[in-house]
Amino acid sequence: MQTLSSYVLGRWQTGSGAPTLLYNPATEEPLAQCGTGGVDMAAVLRHAREQGGPALRALGFRRRGELLLGLSQALHAKREELIELSVANGGNTRGDAKFDIDGATGTLAYYAGLAKALPEGNVLPDGAGIQLGRTARYWGQHVHVPRPGVAVHINAFNFPAWGMLEKMACALLAGMPVVEKPGTPSALVAWRIAEVLVESKLLPEGSYQFLCGSAGDLLDHMGPQDALAFTGSSATGARLRGHPALVRHNTRVNIEADSLNAAVLAADVESGSETYGAFLANVALDIQQKAGQKCTATRRVLVPKARVDEVVAELSAALGRLVVGDPADAKTNVGPLASAEALRDVRAGIERLQHYARAACGGVEPIGSRGYFVRPTLLVAVDANAKVFHEHEVFGPCASILPYDGAPEAAAALCNRGGGGLVSSVYSNDPRWLGAVVEGVAPWLGRVWTMSDKLAGHATAPGLVLPHTNHGGPGRAGGGEELGGLRGLSLYLNRCAIQGFQGFVAGTFGAKVSEGATAPA
Ligand code: NAP
């Protein structure tokens, strides 16, 4: 069996002690083992701060952008191999695997492109200068500068490539070295990516380290100039946020957690219209893609009461046509869940929701004798207000239809019962109705995706996270923000107001028009 090592302190280190096993979730065959026992976590962080950080900052923004482009190209050259590993260890169909791998290389390339408009050095002006006194002699300018610490990235199992590289793109461009820790059950892809990155020799020593297995006591050694970006369940996120070392040092923490994303159909959307087609296709896609293990997947489908039977019939028919099985088989549409634990949690979650709903299709009956499979499941809530639909995230191929009266206020109120989310999608051809819902839900979401006939055929699906716009969300979603163009760098930069004589402040730190310099937020 393959043993996956960690890349720390400039070398590959195999963990000591009992290893954790990684499986093929379609066959339950063990594929690899890993562990971080014996890794000196304090030394890992010191190495990043003392070697990686200074080397990265010596490059300045623009050359760091060139570095990202090189990394994107090096990984793209290994695309087929990475897709195969993702199918084997992640339970991903080829399409699901491409979603993760291409999303990762695309995000690196996107940030490489943004870097071309940044200054050469490490100082990024934030907005225009400000007159502070009676005369313009006394002047202020906000700037962003890289934090001289280390960025620790702890990722969820569902996007081993994209989750790691979207965080890394922002941190490295900002000038912070990274320590990457993927979710263990699907770490094979992340580990191979780490190998490719190290073999590329593009990264200055110490700027990239990789932990394959448990984080151990890593967080105990974090300090005031470090940053933690976490993606995973809200329970783990809450534990990490309260970690004594992070609290003591006011270490920057960004949490990306659960989300009960909604899709809202307005009563004005006619059957057979392009908007209606997009609604059905996107809801079905979110149940199918990555077997529903997508943080942005729709979990709650708000449908006007009079349209419920029609929507249930259409979605059940579409989901019933999907083939569930081994993702290595080209005919398969829905692969297995990532682990035995995920299977147990999803089955328990569906059973819990079923106490308050009728099943339109799918359910928890086992499929075959091996593998962590669940049928695409559509539930119809008996009472849309039942707490369970707004509080329990079933992280699998399952969504619930919540009948409502069609009013924008009712739609917004139901959406907001989720307590804060990453994204919700709203379908209507009535701009006033659409505007009312968007305004109602915007305080509770990181992103609102709207669709009307005028946009049909021109937009990506709501579940796709684009690096141009914010990813994150308030409340239950973790209260974090990632990506959003240059805003994604803010976790890794310190904003400082510089005050003094205008000639010095504006001349040295103000935006140079020729550089098109711009601030993260
Ligand atoms: P998880 O169990 O919370 O684990 C997430 C990460 O935290 C893993 O790398 C895990 O390591 C690590 N971890 C667990 N306990 C830790 C501790 N005490 N100290 C340091 N690290 C610790 O979540 P998951 O099962 O991997 O992912 C599924 C969840 O993630 C879902 O709820 C989903 O909604 C959410 N998610 C959110 C987003 C988003 O962007 N908001 C994206 C994807 C997924 P091990 O794997 O080694 O245990």
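Reading the values: the criteria
- Residues numbered from 1 in each chain as written.
- Predicted model: local features only at pLDDT ≥ 70, side-chain atom pairs only at ≥ 80, totals over all residues.
- Heavy atoms only, no water.
- Phe/Tyr/Trp six-rings, centres within 6.5 Å; stacked < 30°, edge-to-face > 60°.
- Helix = DSSP H or I, 4+ residues; strand = E, 2+ residues; numbered from the N terminus.
- Buried < 20%, exposed > 50% of the residue type's maximum accessible area, 1.4 Å probe, protein only.
- Near = heavy atom within 4 Å.
- Polar contact = N/O pair within 3.5 Å; in protein donor to acceptor, adjacent residues only side chain to side chain.
- Areas by Shrake-Rupley, 256 points an atom, 1.4 Å probe, with all protein chains shown as cover.
- Nonpolar A, V, L, I, M, F, W, Y, C, P; charged D, E, K, R; others polar.
- Domains from an automatic or database assignment.
- Pairing = 2+ DSSP bridges.
- Right-handed = clockwise from strand over helix to strand, strands pointing away.
- Axes fitted to C-alpha atoms, helices over the stretch in contact; angles between N-to-C directions.
- Contact = heavy atoms within 4.5 Å.
- Patch = residues over 30% accessible without salt bridge, like charges linked within 9 Å, V, L, I, M, F, W, Y side chains within 5 Å.
- Salt bridge = Lys/Arg side-chain N within 4 Å of Asp/Glu carboxyl O.
- Lys, Arg positive; Asp, Glu negative; His and termini not counted.
- Charge placed at Lys NZ, Arg CZ, Asp CG, Glu CD.
- Core = buried A, V, L, I, M, F, W, Y, C linked by side-chain atoms within 4.5 Å.
- Disulfide = S-S within 2.5 Å.
- Buried area = accessible area lost by both parts, 1.4 Å probe.

1. Considering the packing of aromatic side chains
Moving on, step 1. Per the stated rule, a full pass over the model turns up nine aromatic pairs.
Moving on, step 2. A ring pair is formed by Phe-157 and Phe-395, whose centres lie 5.9 Å apart and whose planes are at 85 degrees; its orientation type is edge-to-face. Of this pair, Phe-157 sits in the loop between strand 8 (151-154) and helix 5 (162-174) while Phe-395 sits in the loop between helix 12 (387-391) and strand 17 (398-404), placing them 238 residues apart in sequence.
Moving on, step 3. Owing to a relative accessible area of 23%, Phe-157 belongs among the partly exposed residues under this scheme.
Moving on, step 4. A centroid spacing of 6.3 Å and a plane angle of 25 degrees characterise the contact between Tyr-276 and Phe-279, whose relative ring orientation is stacked.

2. Observations regarding the site of the ligand
Moving on, step 1. As a structural note, the neighbourhood of the ligand is formed by 26 residues, with Asn-155, Thr-184, Ser-233, Thr-236 and Glu-393 the closest of them.
Moving on, step 2. Contact between the ligand and Ala-257: a nitrogen atom at 2.9 Å from a main-chain N or O atom of the residue.
Moving on, step 3. One nitrogen or oxygen atom from the side chain of His-471 is found 2.7 Å from an oxygen atom belonging to the ligand.
Moving on, step 4. About the coverage of the ligand: the protein hides 79% of its 910 Å² of free accessible area.
Moving on, step 5. Residue assignment for the shell around the ligand shows that the elements contributing at least two residues are strand 11 (227-231) and helix 7 (234-241).
Moving on, step 6. Tallying contributions element by element places helix 7 first for the shell around the ligand, with three residues.
Moving on, step 7. Its residues placed into classes, the shell around the ligand shows twelve nonpolar, nine polar and five charged.
Moving on, step 8. Two domains share the shell around the ligand, each providing at least three of its residues, namely domain 1 (44-216 + 487-509) and domain 2 (261-468).

3. Points about the pairing of strand 19 (residues 445-451)
Moving on, step 1. Two elements, strand 18 (residues 421-427) and strand 19, share six bridges in a ladder whose sense is parallel. Bridging across to strand 19, Gly-421 finds its partner in Leu-445.
Moving on, step 2. Following the chain from strand 18 across helix 14 (residues 431-441) to the adjacent parallel strand 19, one finds a crossover that is right-handed.

4. Details of the sheet that holds strand 15 (residues 357-363)
Moving on, step 1. Reading across from one edge, 15-16-17-14-13-18-19 is the order of the seven strands in this open sheet, with mixed pairing throughout. Only two strands of the sheet have a single partner each, and these edge strands are strand 15 and strand 19. In this sheet, neighbouring strand axes are inclined to one another by 20 degrees on average, regardless of whether the strands run parallel or antiparallel.
Moving on, step 2. Direction of pairing for strand 16 (residues 375-381) relative to strand 17: parallel, over a ladder of four bridges. Opposite Leu-378, over in strand 17, you have Ala-399 as the bridge partner.
Moving on, step 3. Against the sheet, helix 10 (residues 308-320) contacts strand 13 (261-265), strand 14 (298-304), strand 15, strand 16 and strand 17, and its axis sits at roughly 170 degrees relative to strand 16.

5. Thoughts on the sheet that holds strand 5 (residues 29-34)
Moving on, step 1. Strand order across the open sheet formed by three strands is 1-5-4, with mixed pairing between neighbours. Whereas interior strands pair on both sides, the edge strands pair on one side only; in this sheet they are strand 1 (2-4) and strand 4 (20-24). Shown here is a sheet whose adjacent strand axes are inclined to one another by a mean of 35 degrees, direction ignored.
Moving on, step 2. Of the strand pairs in this sheet, strand 4 and strand 5 are connected by five bridges, and their pairing is antiparallel. When the sheet's bridge partners are listed, Tyr-23 is paired in strand 5 with Pro-30.
Moving on, step 3. The strands touched by helix 3 (residues 79-90) within the sheet are strand 4 and strand 5, with strand 4 carrying the most contacts at an inclination of about 105 degrees.

6. What about the environment of Tyr-427?
Moving on, step 1. Tracing the backbone through its elements, the reader meets Tyr-427 in strand 18.
Moving on, step 2. In sequence terms Tyr-427 and Ala-257 are 170 residues apart; their C-alpha atoms lie 25 Å from each other.
Moving on, step 3. Excluding residues that lie within four positions of it along the chain, Tyr-427 makes contacts with Ala-263, Val-264, Leu-265, Ala-266, Val-269, Thr-275, Ala-278, Phe-279, Asn-282, Trp-449, Met-451 and Pro-462.
Moving on, step 4. Side-chain polar atoms of Tyr-427 contact the side chain of Asn-282, separated by 3.1 Å.

7. Focus: a negative patch on the surface
Moving on, step 1. A surface patch of negative charge is lined by Asp-268, Glu-270, Glu-274, Asp-430 and Asp-453.
Moving on, step 2. Structurally, Glu-270 can be placed in the loop between strand 13 and helix 9 (274-288).
Moving on, step 3. Given a relative accessible area of 57%, Glu-270 falls into the exposed group.

8. Some thoughts on a nonpolar patch on the surface
Moving on, step 1. Taken together, the side chains of Ile-130, Leu-132 and Tyr-138 present a nonpolar region at the surface, about 250 Å² in accessible area.
Moving on, step 2. With respect to the helices, strands and loops of the structure, Leu-132 is situated in the loop between strand 6 (124-131) and strand 7 (138-146).
Moving on, step 3. By relative accessible area, Leu-132 is classed as partly exposed at 36%.

9. Focus on the nonpolar core
Within soluble globular proteins, side chains that are nonpolar generally end up buried alongside one another.
Moving on, step 1. With 67 residues, the main nonpolar core has Phe-279, Leu-302, Val-311 and Ile-401 as its most contacted residues.
Moving on, step 2. The residues contacting Phe-279, other than those within four sequence positions of it, are Ala-263, Leu-265, Val-301, Val-303, Val-311 and Tyr-427.
Moving on, step 3. Within the second largest apolar cluster, 63 residues are counted, among which are Cys-34, Leu-108, Ala-171 and Leu-489.

10. A look at the state of the cysteines
Moving on, step 1. Applying the stated criterion across every chain, the model contains zero disulfides.
Moving on, step 2. No disulfide involves Cys-170; its nearest neighbouring cysteine sulfur is the one of Cys-295, lying 15 Å away.

11. Here we look at the domain arrangement of the protein chain
Moving on, step 1. The assigned domain composition of the protein chain is domain 1 (44-216 + 487-509) and domain 2 (261-468).
Moving on, step 2. Each of domain 1 and domain 2 has a C-alpha centre, and the two are 32 Å apart.
Moving on, step 3. With 15 residues of domain 1 in contact, the opposing surface of domain 2 contributes 21 residues.
Moving on, step 4. Between domain 1 and domain 2 the total buried area reaches about 1500 Å² when both faces are included, carbon and sulfur atoms providing 65% of it.
Moving on, step 5. Per-residue buried area on domain 1 facing domain 2 is highest for Phe-99, Tyr-110 and Phe-157; these three make up 31% of the total on that side.
Moving on, step 6. Viewed at the interface, domain 2 and domain 1 are joined by zero salt bridges.
Moving on, step 7. Our enumeration of links across domain 1 and domain 2 arrives at four residue pairs in polar contact (both at pLDDT 80 or more).

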